[in-house]
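# Remarks on the overall topology
Here is how the chains run, residue by residue.
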Amino acid sequence: MLESLIDTYGYAAVLVGTFFEGETVLVLGGFASHRGYLALPWVIMAAFIGTLCGDQLFFFLGRKHSQTVLARRPSWKARADRAQRLLERFRTPLILVFRFMYGLRTVIPFVIGMSTVPTREFIFLNIIGALVWALVVGAGGYLFGNAMEIIIGDIKHYEREVLGAIAATGALVWIIYFYRLRMRRYDSV
């Protein structure tokens, strides 16, 4: 059953998950690759396409609809200000590595879209950054599976538990993130 679900929806889940900010999804994809359910190059390709498209969307939202989006998401104001300061100091490096900056990953391409960074420059650097991120995190999930196999031995008996633990950890991170976001909204009122 697990094999069938991963085989049927695995690549699509990686693509959609990484579109929205999916380190956990990509780690799961890398782990599934290690287990032989998915091919690592295709997991990395799906993650690359997903993250690239998501970041381009936020860039163009910042470029065309920044005031509307900020009016609807007042919680982004402080993060957008911080991202703007980072962009002024570290323009090119920031565009290359923002995917690794938890909590700012969605806001940074939006802020870059609001800035004077030319679209072509962002697209070029975004492609490089998306590829590096997909390779590093996807390979990390694959190597995590390898390390678990070395530690546990025959991981086949525990793969559901390991996949569940990875998914639960990702869900816990999201719950904490949204809880903190909600608390900031209440504190600002």
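Report follows, based on the coordinates. (Residues numbered from 1 in each chain as written. Predicted model: local features only at pLDDT ≥ 70, side-chain atom pairs only at ≥ 80, totals over all residues. Heavy atoms only, no water.)

### Focus on the overall build of the protein
Summing up its helical and strand segments, the protein has eight helices and zero strands in all. Reading the protein from its N end, one meets helices and strands in the order α-α-α-α-α-α-α-α. The buried share of the protein, taken over its 189 residues, is 42%. A fraction of 80% describes how many contacts in the protein between residues 6 or more apart in sequence connect residues 24 or more apart. Carbon together with sulfur atoms contributes 67% to the accessible area of the protein, which is approximately 10700 Å² in total. (Helix = DSSP H or I, 4+ residues; strand = E, 2+ residues; numbered from the N terminus. Buried < 20%, exposed > 50% of the residue type's maximum accessible area, 1.4 Å probe, protein only. Contact = heavy atoms within 4.5 Å. Areas by Shrake-Rupley, 256 points an atom, 1.4 Å probe, with all protein chains shown as cover.)

### Structural notes on a nonpolar patch on the surface
A cluster of nonpolar side chains, namely Leu-15, Val-16, Phe-20, Trp-42, Met-45 and Ile-49, defines an oily patch on the protein surface of about 590 Å² accessible area. Of all the elements in the fold, those that place two or more residues in the nonpolar patch are helix H1 (2-19) and helix H3 (40-72). At three residues, the largest contribution of residues to the nonpolar patch is made by H3. Relative to the assigned elements, Phe-20 resides in the loop between H1 and helix H2 (23-34). Phe-20 sits in the exposed class, given a relative accessible area of 54%. (Patch = residues over 30% accessible without salt bridge, like charges linked within 9 Å, V, L, I, M, F, W, Y side chains within 5 Å. Salt bridge = Lys/Arg side-chain N within 4 Å of Asp/Glu carboxyl O.)

### What to know about the pattern of salt bridges
On inspection of all chains with the given rule, the structure shows two salt bridges. The shortest N-O distance in the salt bridge between Arg-99 and Asp-55 comes to 3.0 Å. Of the two residues, Arg-99 sits in the loop between helix H5 (91-97) and helix H6 (107-114) while Asp-55 sits in helix H3, which places them 44 residues apart along the sequence. Arg-91 serves as the salt-bridge partner of Glu-121, at 2.6 Å between the closest nitrogen and oxygen. On the criterion of sequence distance, the pair formed by Glu-121 in helix H7 (residues 119-152) and Arg-91 in helix H5 is long-range, its members being 30 residues apart.

### Re H6
For H6, a buried count of seven out of eight residues is recorded, marking the element as mostly surrounded by other parts of the structure. Val-107, Ile-108, Pro-109, Phe-110, Val-111, Ile-112 and Gly-113 are the residues of H6 that are buried.

### Describing the packing of H3 against H6
Relative orientation of the contacting elements H3 and H6 amounts to 70°, with a least axis distance of 7 Å. If you check the angle between H3 and H6, you find them roughly perpendicular. Between H3 and H6 the crossing geometry is right-handed. Between H3, through Asp-55, Phe-58, Phe-59, Leu-61, Gly-62, Arg-63, Ser-66, Val-69 and Leu-70, and H6, the contact on the second element is made entirely by Pro-109, Phe-110, Ile-112, Gly-113 and Met-114. In the contact of H3 with H6, the residues fall into nine nonpolar, three polar and two charged. (Axes fitted to C-alpha atoms, helices over the stretch in contact; angles between N-to-C directions. Parallel < 35°, antiparallel > 145°, perpendicular 65-115°, else oblique. Left-handed = near helix turned anticlockwise from the far one by under 90°. Nonpolar A, V, L, I, M, F, W, Y, C, P; charged D, E, K, R; others polar.)

### Description of the environment of Gly-113
Looking at the element boundaries, Gly-113 is found in helix H6. Its relative accessible area of 2% is what places Gly-113 among the buried residues. Spatially, the C-alpha atom of Gly-113 lies 9.0 Å from that of Gln-56, the residues being 57 residues apart in sequence. Aside from chain neighbours lying at most four places away, what touches Gly-113 is Phe-59, Gly-62 and Arg-63.

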